[in-house]
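Next come the chains, spelled out residue by residue.
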Amino acid sequence: MPSSKRTDPLVQDAASSLDGEGVAVVTRLLRTLPTRPRLLGLGEPTHGEEAFPELRNEIFRHLVEHEGYRSLALESDCLMGLAVDDYVTAGKGTLDEVMERGFSHGFGASPANRELVRWIRAYNEDRPAAERLRFFGFDGPLEMTWAADPGQALTALHGYLAAWMDAGLLPCAADDLDRLIGAGDRWSNPAAAMDASQSIGQSAEARRLRLVADDLAALLDAYAPHLIASTSRDDWWRASLYGRTATGLLRYHYWMADDSPARVWRLMSLRDGMMAGNLQAIAEYGPTLIYAHNRHLQREKSTWQLADMALDWWSAGAIVSARLGDQYAFLASALGAMPHQALPVPHPGTVEGLLYTLPDNRYLIDARRLAAALAEAGTKPVPRTDVAADYGYFALDPAHLGDTDGIVFIKDVPA
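Keep in mind that this is a model prediction, so the values were computed, not measured.

**As for the overall build of the protein chain**
So, step 1. Assigned secondary structure in the protein chain consists of 17 helices and 12 strands.
So, step 2. In terms of overall size, the protein chain behaves like a compact globule, its C-alpha atoms giving a radius of gyration of 22 Å where 415 residues would be expected to give roughly 22 Å.
So, step 3. Along the first, second and third principal axes, the C-alpha atoms of the protein chain reach 75 × 55 × 40 Å.
So, step 4. The buried share of the protein chain, reckoned over its 415 residues, is 54%.
So, step 5. Nonlocal contacts in the protein chain, meaning residues at least 24 apart in sequence, comprise 79% of its contacts between residues at least 6 apart.

Right, dumping it as structure tokens:
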């Protein structure tokens, strides 16, 4: 809806309308950066609001068609995402099937995600393999109340190595590996999320599996020249994903079984660490748009007050930014009003309140330019404290505007 207030001059010069000028303004902002980013993070401030992934689709199409972007990475299970990539690159399965089994966290139900997968498949259909777009999940096989068993990743990694290497080099045989893994429901027991004693992550079998996984991953690296020549770079990359996932899951389960005060902090850190490892591997496939919650992509530390625990840990974006430098860029997303989640028009003293004075509904903000204008004017916005009805919305932190390359702002989010 149009604003009844005059646009605040502090935001006017930093804002470009995504409604009036179109998503090409993203290119204009990217060209002000020191170098072309290899990984471009696009955050969302809350999950489940279609306006944000719909805008993501517009931006991704523009980046593919005008900026040479070759892949998209989504905050979704990295192993499940392989089914989506097989569909968009080779037509394996059907759209309905991959939307059902190719996404975690319920993201397969999103109409915008369905349209994204459909568009990538259509784009790839008549193109040679080297020119096809790729799809990646970059989250671990984790949910809030459980972690997957390491069996799928370990078995796939062992099978790849066994097919192309002398069996005597492997740390164990396939049947021994199956016996150590055991029943999958032992690992995914949801009771372990709240009760460390319910986890098998520090059992004798789990400790042995950590050594096996480490040995398998080391063989994969040591024999990379032989394995890549015998199979393909893609096959070796996928085996590396299995190795990262297996070692990451076993580490995660180990700390699920820990009852020290550091337990939750460890689990939060490990998840973002797994994400960061996947993103660095995905960067090998060329310029990539990453889409996830702001908290996973931001450069500053993530913080969360959980009951009586004040938690802070480095996000995947912070880790990748530290390692890749200027080859990582981050656009946060923010919103104004979201009435169906009980979020009213933001207070004028917040960053969101300043942006809400803009006349159009969708904007790209040069975050560093805005931070400089606020500093020059001596204006210090306060953090927004509104709480969404589903508790899923996280406001911008005005203290870290300068750590963000841009802000995608949607003024009024429809139901």
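**Some thoughts on the pairing of strand β3 (residues 71–77)**
A regular strand places its side chains on the two faces of the sheet in alternate fashion.
So, step 1. With 7 of its 7 residues buried, β3 lies for the most part within the structure.
So, step 2. Summarising the sheet, β3 and strand β7 (residues 288–293) pair through 4 bridges and their orientation is parallel. If you follow alanine 73 over to β7, its bridge partner there is isoleucine 290.

**Quick look at the packing of aromatic side chains**
Working definition: an aromatic ring pair is given by the centre-to-centre distance plus the angle between the planes.
So, step 1. Going through the model one piece at a time under the given rule, you end up with 7 aromatic pairs.
So, step 2. Measuring from centroid to centroid gives 6.1 Å for phenylalanine 60 and tryptophan 119, while their planes differ by 75°, and the two rings are edge-to-face. Remark: tryptophan 119 occurs in helix α6 (residues 111–124) and phenylalanine 60 occurs in helix α3 (residues 51–67); sequence separation between them is 59 residues.
So, step 3. Residue classification places tryptophan 119 among the buried positions, given a relative accessible area of 13%.
So, step 4. Ring geometry for phenylalanine 136 versus tryptophan 237: centroids 5.3 Å apart, planes at 50°, classification tilted. Pair noted here: phenylalanine 136 is in strand β4 (residues 134–139) and tryptophan 237 is in helix α12 (residues 233–256), with a separation of 101 residues, a long-range link.
So, step 5. Note that arginine 56 overlies the ring of tyrosine 291, its terminal NZ or CZ placed 4.8 Å from the centroid.

**Regarding the sheet that holds β4**
Sheet strands pair via backbone hydrogen bonds, and the direction of the pair is either parallel or antiparallel.
So, step 1. Pairing is mixed in the open sheet, where 8 strands are placed in the order β1-β11-β12-β10-β2-β7-β3-β4. Two strands close off the open sheet at either side, each with one partner strand: β1 (15–17) and β4. Across the sheet, the mean angle from the axis of one strand to that of its neighbour is 25°, orientation sign disregarded.
So, step 2. Relative to β4, β3 runs parallel, the two being bridged by 5 bridges. Within the sheet, the bridge partner assigned to serine 71 lies in β4 and is arginine 134.
So, step 3. The sheet contacts of helix α4 (residues 81–90) involve β3 and β4, and relative to β4 the element is tilted by about 175°.
So, step 4. On the sheet, helix α17 (residues 367–377) packs against β11 (362–366) and β12 (406–412) and is oriented at approximately 70° with respect to β11.

**A short note on the environment of arginine 127**
So, step 1. When you line up the elements, arginine 127 lands in the loop between α6 and β4.
So, step 2. Given the relative accessible area of 30%, arginine 127 is considered partly exposed.
So, step 3. In the structure, arginine 127 is positioned 38 residues away from threonine 89 in sequence and 9.5 Å away in space, judged by C-alpha atoms.

**Observations regarding helix α10 (residues 204–222)**
So, step 1. With 19 residues, α10 should reach 27 Å at 1.5 Å per residue; the first-to-last C-alpha distance of 27 Å fits that figure.
So, step 2. When we look at burial in α10, the residues that qualify are Ala206, Leu209, Val212, Ala213, Leu216, Leu219 and Leu220. Within α10, the buried residues cover an arc of 135° as seen down the axis, which keeps them to one side. Of the residues in α10, the exposed ones pointing more than 90 degrees away from the buried face are Ala204, Leu211, Asp221 and Ala222.
So, step 3. The inward-facing, buried residues of α10 contact α7 (151–164), α8 (174–181), α9 (184–187), α11 (224–230) and α12.

**Focus on the side chain of arginine 56**
So, step 1. Relative to the assigned elements, arginine 56 resides in helix α3.
So, step 2. For arginine 56, the residues in contact, after removing those within four places along its chain, are Leu42, Leu72, Leu74, Ala112, Asn113, Leu116, Leu289 and Tyr291.

**Remarks on the pairing of β7**
So, step 1. The element β7 is extensively covered by neighbouring structure, given that 6 of its 6 residues are classed as buried.
So, step 2. With 6 bridges connecting them, strand β2 (residues 39–44) and β7 associate as parallel partners. Across the sheet, glutamate 44 pairs through a bridge with histidine 293, a residue of β7.

**Quick notes on the pattern of salt bridges**
So, step 1. What the rule picks out here adds up to 16 salt bridges.
So, step 2. Here aspartate 19 makes a salt bridge to arginine 362, at a shortest N to O gap of 2.8 Å. Here the residue aspartate 19 occupies a position in the loop between β1 and α2 (25–30), and arginine 362 occupies one in strand β11, the gap between them amounting to 343 residues.
So, step 3. For arginine 362, a relative accessible area of 16% translates into the label buried.
So, step 4. With its nearest N and O atoms 3.1 Å apart, the salt bridge here joins aspartate 386 to arginine 384.
So, step 5. Classification of aspartate 386 as partly exposed rests on a relative accessible area of 26%.
So, step 6. Accessibility expressed as a relative area gives 6% for arginine 384, which makes it buried.
So, step 7. Several salt bridges share partner residues, and in doing so they unite Asp19, Glu58 and Arg362 into one network.

**Points about unusual backbone geometry**
If a residue is not glycine, its phi is most likely negative; likewise, a peptide bond is most likely trans.
So, step 1. Unlike most non-glycine residues, alanine 342 shows phi in positive territory, near 65°.
So, step 2. At tyrosine 391, a position not held by glycine, the phi torsion is positive, near 60°.
So, step 3. Here tyrosine 391 is to be found in the loop between α17 and β12.
So, step 4. By relative accessible area, tyrosine 391 is classed as exposed at 65%.

**Observations concerning the environment of leucine 180**
So, step 1. Mapping leucine 180 onto the fold places it in helix α8.
So, step 2. On the accessibility criterion, leucine 180 (16% relative accessible area) is buried.
So, step 3. For the pair formed by leucine 180 and glutamate 205, sequence separation is 25 residues and the distance between their alpha carbons is 5.4 Å.
So, step 4. Setting aside chain neighbours within four positions, we find leucine 180 in contact with Arg186, Glu205, Arg208, Leu209 and Val212.

Cut-offs used in this document
Residues numbered from 1 in each chain as written. Predicted model: local features only at pLDDT ≥ 70, side-chain atom pairs only at ≥ 80, totals over all residues. Heavy atoms only, no water. Helix = DSSP H or I, 4+ residues; strand = E, 2+ residues; numbered from the N terminus. Rg over C-alpha atoms; globule rule 2.2 N^0.38 Å. Buried < 20%, exposed > 50% of the residue type's maximum accessible area, 1.4 Å probe, protein only. Contact = heavy atoms within 4.5 Å. Pairing = 2+ DSSP bridges. Phe/Tyr/Trp six-rings, centres within 6.5 Å; stacked < 30°, edge-to-face > 60°. Lys NZ or Arg CZ within 6 Å of the ring centre and 35° of its normal. Axes fitted to C-alpha atoms, helices over the stretch in contact; angles between N-to-C directions. Expected span 1.5 Å × (residues − 1). Arc of directions from axis to C-beta. Salt bridge = Lys/Arg side-chain N within 4 Å of Asp/Glu carboxyl O.

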